[in-house]
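Take a look at the letters that make up each chain.
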Amino acid sequence: PVLVIDFGAQYAQLIARRVREAQIYSEVMPHTASVAELLAKDPAAIILSGGPSSVYADGAPSVDPALFEAGVPVFGICYGFQAMAGALGGSVEQTGTREFGRTELAVTGAGGSLHEELPGRHPVWMSHGDSVTKAPDGFTVTATSEGAPVAAFEDVARRFAGVQYHPEVAHSPHGQEVLRRFLHEIAGIRPQWTTSSIVGEQVERIRAQVGDGSAICGLSGGVDSAVAAALVQRAIGDRLTCVFVDHGLLRAGERAQVERDFVAATGVKLVTVDARERFMSALAGVTDPEQKRKIIGREFIRVFEQAAQDVQDAAGEHGETFGFLVQGTLYPDVVESGGGAGAANIKSHHNVGGLPEDLEFELVEPLRALFKDEVRRVGLELGLPETIVHRQPFPGPGLGIRIIGEVTAERLEILRAADSIAREELTAAGLDRDIWQCPVVLLADVRSVGVQGDGRTYGHPVVLRPVSSEDAMTADWTRLPYDALERISTRITNEVAEVNRVVLDVTSKPPGTIEWE
Ligand code: XMP
C-alpha cells in the first residue's frame, strides 16, 4: 500500500482517497507509528500529510530521518513537506508571511516531474505559517509562491518530492494531477486498484475466511449492508442467508426494493421477518424520542437474534458449520475507531442490529478497507440497481422518529403517503444528487385550521427538511427551487387528506439536528 501518515489534521483520509482515485491502494497510519512498523507494511510509497502544528511548536510530531534511508519514495504535503525539509537538512523558518486559502503558484522553469505541462501560474490551496526557505541538498525547487520561497521540491533520483500546498483539496484544481505524477512517474507505482480488482480480491478473502462455513447478514435497505451482502453472496453463494426485518417503520416501497430488486440483482437467499405488530405494540403510548429509539433498537436486536437462531438451526440440519456475521463496516469507521490503522480522533461506532450476545459469530467485514464512493462503485460492478447504490441515508429507527408524538399505524400511513410524494417530486425535478436527504416529518400532535373546497379542515402539518451535507456531522438547509416546493406542497395537501399544511425547515446543523427526534 501507499501509507498516508496522519499528522492530526483532517486531511489524511482525503489524501488516502485521492491516492485510490489514482488507482493505488492506500492506508492511513498514525504519526506515532515507528519506521519499523511502517516498513513492515512494505509500503510502495509514504505520504506525509498536513497537520495543525508549527514544526517549532513544543511536542510537534517529527519525522524520523531513518524513514529516508529505507529506499521508499516519500511525498510531503504542507506540514509533512516542512518536516521532510527539516529532517533532510533544509531550512524551515517563521518568515512572518502566512498564506491561507487560494494562492497563485508560480512554476519554476520546466516544472520538474511534478509540475511539468501544467500552466506556469495556477491556483493552489495554501494553509501555512512557517515556510521552507532552503531545500535540502540534492533537491530541485520546482515552484514558488509569494509567501513560500520553496513551494515545491523534488529529488527524482531518490524518489522524494513535496509541496507546500494541499494538492488533495478541490481548491487546488491541478492537485490530483500532481499527486498522480508523484505516484506514477516519480514513485513508479503501477495503478492496479480498480473496482474489478477490489471485487476479485474481496471475494478471495471472504472465501479464505469463511471456508465451507455459512454466514448471515442483516439487510437494512441501505447501501453498505446491501453491497456487503452482494460481495459475500458472490463469494459463498447460498451459504449466505440475508435477514430483513420489517419493523413497520419503513418508507413506501422499501420492503419491495429489498425483496424484489435486491434479490433479482444478486440471487441472494432472503428471509423477511414481518415484525410490524410487535413494534407497534412496543411503541404504543410512547412519545419521548429517546424512549422510542431505545425500544426500536431493543426490539430489532431481539427479532434479529431469533431470526439468526432459526437460520443457524436450519444450517445445522444441512450439516453446515455456521458462525459468520456479515457487517458493512467502512474504512472511515475503522480509522476513526482507532482500529487497524489508528488515528487521533477516536469515536466508537455501532452498527444496526448489534451483535447477538449468546450466538457466537465471527465477523466478516468485506468493506473494511473501502471508502463510501468505492462501496458504491463495487455495488454497481456487482449489478445492484442505482436505486440501492445511490440511496440517500435513512435512519435505523425509520419513520418512528419522524412522527412527533405517538407512533400509530394510521399516522405511519399518513407520513408514508406524504414522504413518497416528496421523494417522487424531488426525483422528477432531478434534485436527488443535490440533497443529502430530505426527511418529511409529521407533527402528529399539532393541528391547524385550513379550508378545502367549501369546508373547514382541522388537519396536521408536515415539515420538509431538505439538507445538504458532506458527512451528516454538519449540514445546511437546501435552497430547493420554489416550483419544486410548490409541487410538493400542492400534491401533499391535495392527496393526503389528513394533511392541510406543508412547512419548510430552514435550520442548519448545528443548531438543529437533521432528524427532528
Ligand atoms: P442527526 O439527526 O443526528 O442525523 O443530525 C445525522 C444522520 O444520521 C441519521 N440518523 C440515524 N441513522 N440510526 C441510524 O442508522 C439512528 O438512530 C439515526 N439517527 C439519525 C440521520 O438520518 C442523518 O443522516
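Residues numbered from 1 in each chain as written. Predicted model: local features only at pLDDT ≥ 70, side-chain atom pairs only at ≥ 80, totals over all residues.

Filter applied, for reference: UniProt positions are given in the numbering used here, feature names are shortened, and annotations may be inferred rather than shown by experiment.
The name given to the protein in an unreviewed UniProt entry is GMP synthase [glutamine-hydrolyzing], and the organism recorded there is Solihabitans fulvus. Recorded in UniProt for the protein, the comment headed Subunit (unreviewed entry) runs: "Homodimer." According to its UniProt record, the protein has this under Function (unreviewed entry): "Catalyzes the synthesis of GMP from XMP."

Points about the overall build of the protein
We count it as follows: Elements are defined by DSSP. Helices are runs of H or I of four residues or more, strands are runs of E of two residues or more, and each kind is numbered from the N terminus. Three exposure classes are used, based on other C-beta atoms lying within 10 Å of a residue's own C-beta, which is placed from the backbone: buried for 20 or more, exposed for 12 or fewer, and partly exposed in between. Note on contacts: each residue gets a C-beta atom placed from the backbone, and two residues are in contact if those atoms are within 7 Å.
Scanning the protein for helices and strands turns up 15 helices and 23 strands. Taken over the C-alpha atoms alone, the protein extends approximately 80 × 65 × 40 Å along its principal axes. Taking all 517 residues of the protein together, 43% fall into the buried category. For the protein, the share of sequence-separated contacts (at least 6 apart) that also reach a separation of at least 24 residues comes to 73%.

Examining the environment of Ala-428
Structurally, Ala-428 is set in helix 14 (residues 409–428). On the basis of neighbour count, Ala-428 is assigned to the exposed category, with 11 C-beta atoms found within 10 Å.

What about the packing of helix 7 (residues 223–236) against helix 12 (residues 372–381)?
Our working definition: Note on geometry: axes are lines fitted to C-alpha atoms, helical ones only across the stretch in contact, with angles between N-to-C directions running from 0 to 180 degrees. Orientation categories follow fixed angle ranges, with anything under 35 degrees roughly parallel, anything over 145 roughly antiparallel, 65 to 115 roughly perpendicular, and all other angles oblique. Put simply, a crossing is left-handed when the front helix is turned counterclockwise from the back one by less than a right angle, and right-handed when it is turned clockwise. Classes in brief: Ala, Val, Leu, Ile, Met, Phe, Trp, Tyr, Cys and Pro nonpolar; Asp, Glu, Lys and Arg charged; the others, Gly included, polar.
Helix 12 packs onto helix 7 with a crossing angle of 50° between their chain directions and a minimal axis gap of 10 Å. By the criterion of interaxial angle, the relationship of helix 7 to helix 12 is oblique. When you trace helix 7 past helix 12, the crossing you get is left-handed. Contact residues: helix 7 offers Val-223, Asp-224, Ala-226, Val-227, Ala-230 and Leu-231, while helix 12 offers Val-375, Arg-376, Val-378 and Gly-379. Broken down by class, the residue content of the contact of helix 7 with helix 12 amounts to 7 nonpolar, 1 polar and 2 charged.

Considerations on the nonpolar core
It is characteristic of soluble globular proteins that their nonpolar side chains tend to be buried jointly. Basically, it comes down to this: Any set of buried Ala, Val, Leu, Ile, Met, Phe, Trp, Tyr and Cys residues joined through C-beta atoms within 7 Å is what this text calls a nonpolar core.
By size, the foremost hydrophobic cluster in this structure holds 137 residues, and its most contacted members are Val-4, Ala-215, Ala-229 and Val-232. Looking at this core element by element, the count peaks at 10 residues for helix 7.

Points about unusual backbone geometry
Of note, the amide linkage connecting Lys-509 to Pro-510 takes the cis form, showing an omega dihedral of -10°. Position of Pro-510 among the secondary structure elements: in the segment after strand 23 (499–504). The linkage connecting Pro-510 with the following residue, Pro-511, adopts the cis geometry, with an omega of 10°. Mapped onto the secondary structure, Pro-511 falls in the segment after strand 23. For Arg-159, which is not glycine, the phi dihedral falls at a positive 60°. Assignment of secondary structure puts Arg-159 in the loop between strand 10 (152–155) and strand 11 (160–163). The exposure class assigned to Arg-159 is partly exposed, which follows from the 19 C-beta atoms found within 10 Å. Notably, Ala-472 is not glycine yet its phi reads approximately 70°, a positive angle. With respect to the secondary-structure elements, Ala-472 resides in the loop between strand 21 (467–468) and strand 22 (476–477).

As for the packing of helix 6 (residues 195–210) against helix 12
At their nearest, the axes of helix 6 and helix 12 sit 9 Å apart, and the two run at 80° to each other. Comparing their axes, helix 12 and helix 6 come out roughly perpendicular. Contacts between helix 6 and helix 12 involve Thr-195, Ser-196, Ile-198 and Val-199 from the first element and Glu-374, Arg-377, Val-378 and Glu-381 from the second. The class makeup of the residues in the contact of helix 6 with helix 12 is 3 nonpolar, 2 polar and 3 charged.

Observations regarding the sheet that holds strand 15 (residues 322–326)
Note the following rule: Only strands joined by at least two bridges in the DSSP assignment are considered to pair.
One open sheet accounts for 5 strands, arranged 14-13-12-15-16; its pairing is parallel. Edge positions in the open sheet fall to strand 14 (269–274) and strand 16 (362–364), since each of these has one partner strand only. Across this sheet, the average inter-strand angle for adjacent strands is 30°, counted without regard to direction. By the bridge criterion, 6 bridges tie strand 13 (residues 240–246) to strand 14 in an arrangement that is parallel. Following the sheet pairing, Asp-246 is matched in strand 14 by Asp-274.

So, the sheet that holds strand 4 (residues 74–77)
Adjacent strands of a sheet pair through backbone hydrogen bonds, lying either parallel or antiparallel. The mixed open sheet is built from 9 strands, whose spatial order is 2-1-3-4-11-10-9-6-7. Each of the sheet's edge strands pairs with one partner strand only, and the pair in question is strand 2 (26–30) and strand 7 (121–128). Across the sheet, the mean angle separating the axes of adjacent strands is 25° when strand polarity is ignored. In this structure, strand 9 (residues 140–144) lies alongside strand 10, joined through 3 bridges in antiparallel fashion. Bridge pairing links Thr-140 to Glu-154 in strand 10. Across the face of the sheet, helix 1 (residues 12–21) comes into contact with strand 1 (2–6), strand 2, strand 3 (45–48) and strand 4 while running at roughly 160° to strand 2. Strands in contact with helix 3 (residues 79–87) are strand 1, strand 3, strand 4 and strand 11; relative to strand 4, the strand with the most contacts, it is inclined by about 120°.

Some words on the pairing of strand 2
The following threshold applies: With its strands directed away from the observer, a crossover is right-handed exactly when the path from the first strand over the helix to the second travels clockwise.
Alignment of strand 1 against strand 2, held across 5 bridges, turns out to be parallel. Bridge assignment links Ile-5 to a residue of strand 2, and that residue is Met-29. Following the backbone out of strand 1, through helix 1 and into the adjacent parallel strand 2, one traces a crossover that is right-handed.

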